[in-house]
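Observations on chain architecture
Spelled out, the chains give:
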Amino acid sequence: LRREAIFACCKWDPQVGDVSVLAPWPLVLARSEWQRLAGMAEGLARETVALEQALLRTPALQHELHLARPLRSALAAAADAPAACAARLMRFDFHWTTDGWRVSEVNSDVPGGFNEASGFTALMARHYPRLQPAGDPAGVLAQALAAAAQGGPVGLVHATAYVDDREVMEYLKRRLTELGSQALLLSPDHVTWRDGRALVAGEALGAMLRYFPAEWLPNLGRKTGWRSYFAGAVTPACNPATALLAQNKRLPLAWAATRLDVPGWRSLLPETRDPRAADWETDPRWVIKPALGRVGEAIGIHGVTPEKEWRLIRKAARRRPREWVAQRRFEAVAFEAPGGSIYPCIGVYTVDSRACGAYGRAGQRALVDGKALEAAVLLAQDGA
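Quantities reported herein were computed from a predicted structural model and do not represent experimental measurements. (Residues numbered from 1 in each chain as written. Predicted model: local features only at pLDDT ≥ 70, side-chain atom pairs only at ≥ 80, totals over all residues. Heavy atoms only, no water.)

1. Description of the pairing of strand β12 (residues 207–211)
Residues in a regular strand project their side chains so that they alternate between the two faces of the sheet. Our working rule: Accessible area is worked out with a 1.4 Å probe on protein chains only. A residue is then buried under 20% of its type maximum, exposed over 50%, and partly exposed in between. Starting at the N terminus, helices and strands are each numbered in turn, a helix being any DSSP run of H or I of at least four residues and a strand any DSSP run of E of at least two. At least two DSSP bridges between two strands are needed for those strands to be called paired.
Burial analysis of β12 places 5 of its 5 residues in the buried class, the great majority of the element. Here β12 shows no split at all, with Ala207, Leu209 and Tyr211 on one side and Met208 and Arg210 on the other all buried. Note: strand β7 (residues 154–158) against β12, 5 bridges, orientation parallel. Paired with Val157 across the bridge in β12 is Arg210. Across 2 bridges, β12 lies against strand β13 (residues 237–238) in parallel orientation. Note on β13: the bridge partner recorded for Leu209 is Cys238.

This is the structure:
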């Protein structure tokens with residue numbers, strides 16, 4: 001199974017250090033529970049789009065997000081000239097807690113995990129004939145990109161130096177090829193812009209998947225035309241760079257000012273505050289997170305984060321509190337698995353606000369980070 005995941009699913013980094021990160025067992029959900037999760041994720045996706053639009057229409061509301069000046073300028077332009085969208089992709093990370101399901105974040109900008117969520121999960125399902133995958137997010141995304149491209153090539157834009165990024169793009173290229181679409185593996189500096197159209201070697205792309213974080217785009221330099229990812233683009237992209245607004249974990253600090261009704265977010269996301277308004281350093285009921293962190297990086301949890309790392313996090317959050325956020329800590333429930341206790345996380349993908357699959361991870365402590373196991377999510381009939 002491991003070998004097949006490497007060669008058939010492009011899972012080229014199946015371990016961290018000397019430890020395998022491919023769980024040799026699946027996470028199993030009752031089908032009714034999956035339908036419940038999918039419904040919650042779809043509601044959250046609709047609320048997230050509404051929040052992004054409200055923030056775009058009123059740039060003053062973005063103050064709480066503390067974005068760099070070039071990003072604020074690009075977002076202001078997007079309000080009048082939004083970039084074309086090929087598909088709106090998100091992944092909501094759910095945790096089972098003593099209070100039921102809770103969401104830790106939405107990966108709204110450049111969610112990954114497709115070769116595990118689709119490829120590895122399909123391989124695991126062969127060994128459990130009574131169980132089925134929760135979906136095929138890579139297949140749904142590939143179909144959306146192929147449709148948006150209208151016969152033209154699909155550009156898969158990513159940081160080519162990172163193997164864990166490259167493997168995701170290579171897997172999606174294979175899925176697009178199966179549909180008869182041409183897919184190009186590209187670095188951002190391969191792309192030029194003319195009248196809102198993305199070009200590669202002078203030829204127009206039909207559509208684009210951006211797997212390059214929006215906050216990194218200003219680092220490309222003015223000559224690359226990176227602002228087109230935010231505004232004015234005619235070439236449809238997944239995701240438009242305006243997705244950065246919801247990727248920022250300080251988003252809840254701007255909710256009240258939008259006057260939008262977001263009941264899903266209010267019920268599922270723990271209370272969120274500016275670090276200066278919470279006693280996170282001494283009160284273990286608070287967690288500290290970087291506003292634009294990913295993969296569980298630099299999250300400070302009392303009694304969980306190693307002391308050396310905790311000191312560095314505390315120093316950084318004190319120095320630049322507006323780049324961090326404090327959240328109420330939820331009590332994740334541990335489950336027994338071969339090899340010891342795990343804390344599972346179910347990442348639910350949505351494409352255009354429709355749930356289409358799940359990415360399973362299992363932390364061996366109450367923090368799901370880059371060292372967590374990656375597990376197939378399979379569904380059982382209720383009562384099985």
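2. Things to note about the packing of helix α4 (residues 114–125) against helix α5 (residues 137–149)
Which entries qualify depends on this criterion: Only the stretch in contact is used when fitting a helix axis, every axis being a line fitted to C-alpha atoms; angles between N-to-C directions are given from 0 to 180 degrees. Note on definitions: a residue-residue contact is assigned when non-hydrogen atoms from the two residues lie within 4.5 Å.
Contact geometry for α4 and α5: axes closest at 7 Å, N-to-C directions at 115 degrees. Every residue of α5 that contacts α4 at Phe114, Ala117 and Ser118 is listed here: Pro137, Ala138, Gly139 and Leu141.

3. Structural notes on the sheet that holds strand β3 (residues 27–30)
Across the sheet, which stays open at both edges, the 3 strands sit in the order β3-β22-β6 with mixed pairing between neighbours. Single-partner strands in this sheet number two, and they are β3 and β6 (132–133). Here β3 pairs with strand β22 (residues 377–380) via 4 bridges, running parallel. For Val28, the partnering residue across the bridge sits in β22 and is Leu378.

4. With respect to the packing of α4 against helix α6 (residues 163–178)
Applied cut-off: Roughly parallel means an angle under 35 degrees; roughly antiparallel, over 145; roughly perpendicular, 65 to 115; everything else is oblique. Left-handed is the label given to a crossing in which the near helix is rotated counterclockwise from the far helix by less than a right angle, and right-handed is the label when the rotation is clockwise. Any residue outside Ala, Val, Leu, Ile, Met, Phe, Trp, Tyr, Cys, Pro, Asp, Glu, Lys and Arg is labelled polar, Gly included; the first ten of those are nonpolar and the last four are charged.
Viewed as axis vectors pointing N to C, α4 and α6 meet at an angle of 50 degrees, and their least axial separation amounts to 9 Å. With respect to each other, α4 and α6 are oriented oblique. Taken as a pair, α4 and α6 cross one another with a handedness that is left-handed. Counting all contacts with α4, which are made through Phe114, Asn115, Glu116, Ser118 and Gly119, the residues of α6 involved are Glu167, Val168, Tyr171, Leu172 and Arg175. For the contact of α4 with α6, the residue count by class is 4 nonpolar, 3 polar and 3 charged.

5. Notes on the side chain of Gln62
One can find Gln62 in the loop between α2 (31–57) and α3 (69–80). Discounting chain neighbours no more than four positions away, the residues touching Gln62 are Leu55, Leu56, Leu75 and Leu245.

6. Comments concerning the pattern of salt bridges
Put simply, the rule reads: Salt bridge criterion: a side-chain nitrogen from Lys or Arg within 4 Å of a carboxyl oxygen from Asp or Glu.
Within this structure, the stated rule accounts for 23 salt bridges. A salt bridge links Glu167 to Lys11; the shortest N-O distance between them is 3.8 Å. Here the residue Glu167 occupies a position in helix α6, and Lys11 occupies one in the loop between α1 (2–8) and β1 (15–16), the gap between them amounting to 156 residues. Each of the two residues, Glu167 as well as Lys11, counts as buried. Note that Arg365 and Asp369 form a salt bridge whose closest N and O atoms lie 2.6 Å from each other. For Arg365, a relative accessible area of 27% gives the class partly exposed. Judged by relative accessible area, Asp369 falls into the buried class, the value being 12%. One network of salt bridges, in which partners are shared, links Lys11, Asp13, Glu116, Glu167 and Glu374.

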